[in-house]
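Overview (structure and organization)
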Amino acid sequence: MLFNFKISYTNEKIREYLFLLATILLIFIPKGGFKLAGVPITWGYLYLGFLFLLSLLIILDKKKFLVSSNHFLSYLATLPFVLYFSINLFFRGYDGTLGNLIAFYVSFGFIPLCFLLLSPFIKKINRPYLDTLISKAVFWVSFYGILLFLFKQLTGHYIEIPYITVNSGDLGTLEDKYNMRGSLYKLISTYNNGNIFGVCMLLLFPIFHKQNQSKIKLAIVVLALLLTLSRTVWLGLLFYFILIYRDRIYKLIKIYALLGIIFLFFATLLMDRFFQYHSFSGFVLDSNLGGRINQIRQFTGLSFFGSQTFDFIEEIVYLSIFKQLGIVGLLLFCISFFAPIYLALTTKGNNHTYLLGSITYLFVCFSDGCMLYIPTLVFFYFVCDLLFLGSIFRHK
């Protein structure tokens, strides 16, 4: 034996404790950490690095690594895009910051590999324990978000705990993170940005929705998503309900009616007083698309390899990839992200509850995917990892 570990993933309680700590660091306090040379270092990502190394050592010790075929194929699908980006970077240069470049390789290179190695061990975690823990995390982080939202509107200040609820390097800068809608501040919870919170919760919302039995808790989480004041999040929520109630039109109509009443509340009481739109329709049908219209106007035509030097993945993810990496880059990007969806739909033994989160996220990427922001892609690849926990075929 190369190594002799007294602690291993074969112990059920240890696996549960490790997952509990991951839940705390990545769902409850995803922004907690510090900055090094301007690059955010979070406890959650450091913990993922620790789990990655621990998994690697255990695999080397056992000299065997069994993973489902779908996990393996999904990981292989990510490699061409990363390779193409690296080649494009070498020949065409890079216009972004060091932090954004690191974020790209961490998001598209490290995280998929990390979850590939972790997948056999995640599979051994008791499923009800896993789903219940995620469901509780979604509720409590949403509940805290509502409390923080009210506190901010009433006092004009955020509750900021350095190294925990906010990165120490971002202390006092939350108001500069595009969190205002008119004169009203968005709900941000511990994610420091309304859109990031909303998008991340949409990825986990199907797990919460299936596990939760309380209408009050459901209302609180939905309210938190609405208070992000993000049209992207609202559309994502509606898209999710269309997916699950597409065969139950009456129930879907009731949901739309409820959301319509809530929207009407915003229209009659808030819009004219707090927003620059002066009406609900002006907010929803904003011709500027929340500043995204400039991204569309920068579109200059078809290009195989991109018409712009890569800088950053903007809000409209598919358009941003196309402009900077061309038709080839967009095609490889779609293969990378849609491969798990295709495999889940075309093979048996998969868990389709988690599929809903992945599909909803890929839908909101048409508006704002928050793709390179912590911890969005951790949630996406985690949900994709859960997709195939029921797969019976294995690749050695």
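Structural notes on the pairing of strand β2 (residues 39-42)
- Sheet topology places strand β1 (residues 33-36) next to β2; four bridges connect them, and they run antiparallel. Considered in β2, the bridge of lysine 35 is made with proline 40.
- Taking the residues between adjacent antiparallel strands as the criterion, β1 and β2 are bridged by two residues, where alanine 37 takes a positive phi near 55 degrees.

Points about the environment of threonine 347
- Assignment of secondary structure puts threonine 347 in the loop between α12 (317-346) and α13 (352-364).
- For threonine 347, a relative accessible area of 28% puts it in the partly exposed group.
- Residues threonine 347 and asparagine 70, spaced 277 residues apart in sequence, show a C-alpha to C-alpha distance of 8.6 Å.
- In terms of polar contacts, threonine 347 uses its side chain to reach the side chain of asparagine 70, at 3.0 Å.

Some points on the environment of phenylalanine 72
- Relative to the elements of secondary structure, phenylalanine 72 occurs in helix α3 (residues 69-92).
- The spacing of phenylalanine 72 and leucine 113 is 41 residues in sequence and 9.7 Å in space, taken between C-alpha atoms.

Observations regarding unusual backbone geometry
- Residue proline 375 follows isoleucine 374 across a cis peptide bond; omega there is 0 degrees.
- Within the element layout of this structure, proline 375 appears in the loop between α13 and α14 (376-387).
- If you check the backbone angles, asparagine 192 has positive phi at about 65 degrees while not being a glycine.
- As for its placement among the helices and strands, asparagine 192 is situated in the loop between β5 (184-185) and α6 (194-211).

Thoughts on the packing of helix α1 (residues 12-28) against helix α5 (residues 127-155)
- Axis separation between α1 and α5 bottoms out at 11 Å; the angle between their running directions is 25 degrees. Our classification of the angle between α1 and α5 gives roughly parallel. The hand of the α1/α5 crossing is right-handed. Contacts between α1 and α5 involve Glu16, Phe19, Leu20, Thr23, Ile27 and Phe28 on the former and, on the latter, Tyr129, Leu130, Leu133, Ile134, Ala137, Trp140 and Val141.
- A per-class count over the contact of α1 with α5 returns eleven nonpolar, one polar and one charged.

A few points about the environment of leucine 362
- Locating leucine 362 in the fold gives a position in helix α13.
- Considered as a pair, leucine 362 and isoleucine 341 are 21 residues apart in the sequence and their alpha carbons are 9.9 Å apart.

Quick notes on the packing of aromatic side chains
- All told, the structure shown has 37 aromatic pairs when counted by the stated rule.
- Ring centres 6.0 Å apart and planes at 40 degrees place the aromatic pair phenylalanine 205 and phenylalanine 208 in the tilted group. With a gap of three residues between them, phenylalanine 205 and phenylalanine 208 both fall in helix α6, about one helical turn apart. There is no split in this pair, since phenylalanine 205 and phenylalanine 208 are both buried.
- When the centroid spacing of 5.5 Å and the interplanar angle of 45 degrees are considered together, the rings of tyrosine 361 and phenylalanine 380 count as tilted. Placement of the pair is tyrosine 361 in helix α13 and phenylalanine 380 in helix α14, with a sequence separation of 19 residues. Taken individually, tyrosine 361 and phenylalanine 380 each receive the classification buried, so the pair is uniform in this respect.
- Just above the ring of tyrosine 158 sits the side chain of lysine 152; from NZ or CZ to the centre is 4.6 Å.
- Lying across the ring of tyrosine 185, lysine 152 places its NZ or CZ 4.2 Å from the centre.

Describing the nonpolar core
- In terms of nonpolar packing, the biggest core is built from 104 residues, with Phe108, Met201, Tyr361, Met371 and Phe379 touching the most fellow members.
- Element by element, the count of residues in this core is highest for α6, at eleven residues.
- Those residues within four positions of phenylalanine 379 in sequence are excluded, and the remaining contacts are Leu26, Ile27, Tyr191, Cys200, Met201, Leu203 and Leu204.
- Counting six residues, the second-largest nonpolar core is a separate cluster that includes Leu148, Val166, Leu174 and Tyr185.

Rules used throughout
- Residues numbered from 1 in each chain as written.
- Predicted model: local features only at pLDDT ≥ 70, side-chain atom pairs only at ≥ 80, totals over all residues.
- Heavy atoms only, no water.
- Pairing = 2+ DSSP bridges.
- Helix = DSSP H or I, 4+ residues; strand = E, 2+ residues; numbered from the N terminus.
- Buried < 20%, exposed > 50% of the residue type's maximum accessible area, 1.4 Å probe, protein only.
- Polar contact = N/O pair within 3.5 Å; in protein donor to acceptor, adjacent residues only side chain to side chain.
- Axes fitted to C-alpha atoms, helices over the stretch in contact; angles between N-to-C directions.
- Parallel < 35°, antiparallel > 145°, perpendicular 65-115°, else oblique.
- Left-handed = near helix turned anticlockwise from the far one by under 90°.
- Contact = heavy atoms within 4.5 Å.
- Nonpolar A, V, L, I, M, F, W, Y, C, P; charged D, E, K, R; others polar.
- Phe/Tyr/Trp six-rings, centres within 6.5 Å; stacked < 30°, edge-to-face > 60°.
- Lys NZ or Arg CZ within 6 Å of the ring centre and 35° of its normal.
- Core = buried A, V, L, I, M, F, W, Y, C linked by side-chain atoms within 4.5 Å.

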